[in-house]
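Commentary on secondary and tertiary structure
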Amino acid sequence: MERVKLSEIVMKWFPEMLPTLRQNELNSLIVLRDGFGILEPEDAMEIIQYSICEQQDNMYLQ
């Protein structure tokens, strides 16, 4: 298992998305079961989408 910030995932596969994400989204810690090295672009996009939804849900709860 490996922990990385969402920003690392975005930078590797979708750097064009950086300006559209908030700092708290980019700082989200993601646990990758099989590690960063074997993460595929499709999986990276799914993680990014899920992380954004999680951050939005947390904003509504506060």
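Preceding this paragraph is the structure being described.
Presented here is an overview of the structure given in this document. (Residues numbered from 1 in each chain as written. Predicted model: local features only at pLDDT ≥ 70, side-chain atom pairs only at ≥ 80, totals over all residues. Heavy atoms only, no water.)

A few words now on the side chain of Ser28. Looking at the element boundaries, Ser28 is found in the loop between helix H2 (23-26) and strand S2 (29-32). Within polar-contact distance, the side chain of Ser28 engages the backbone oxygen of Glu25 at 3.0 Å. In contact with Ser28, other than residues within four places in its own chain, are Val4, Lys5, Leu6 and Gln55. (Helix = DSSP H or I, 4+ residues; strand = E, 2+ residues; numbered from the N terminus. Polar contact = N/O pair within 3.5 Å; in protein donor to acceptor, adjacent residues only side chain to side chain. Contact = heavy atoms within 4.5 Å.)

Moving on, we come to the pattern of salt bridges. Under the defined criterion, the tally for this structure stands at two salt bridges. Note that Glu25 and Arg22 form a salt bridge whose closest N and O atoms lie 2.8 Å from each other. Using a relative accessible area of 3% as the deciding quantity, one classes Glu25 as buried. Classification of Arg22 by relative accessible area gives partly exposed; the value is 34%. A salt bridge links Asp34 to Arg33, with the nearest nitrogen and oxygen atoms 3.5 Å apart. By relative accessible area, Arg33 is classed as exposed at 66%. (Salt bridge = Lys/Arg side-chain N within 4 Å of Asp/Glu carboxyl O. Buried < 20%, exposed > 50% of the residue type's maximum accessible area, 1.4 Å probe, protein only.)

From the geometry alone we can't say anything about function, so treat these as descriptive.
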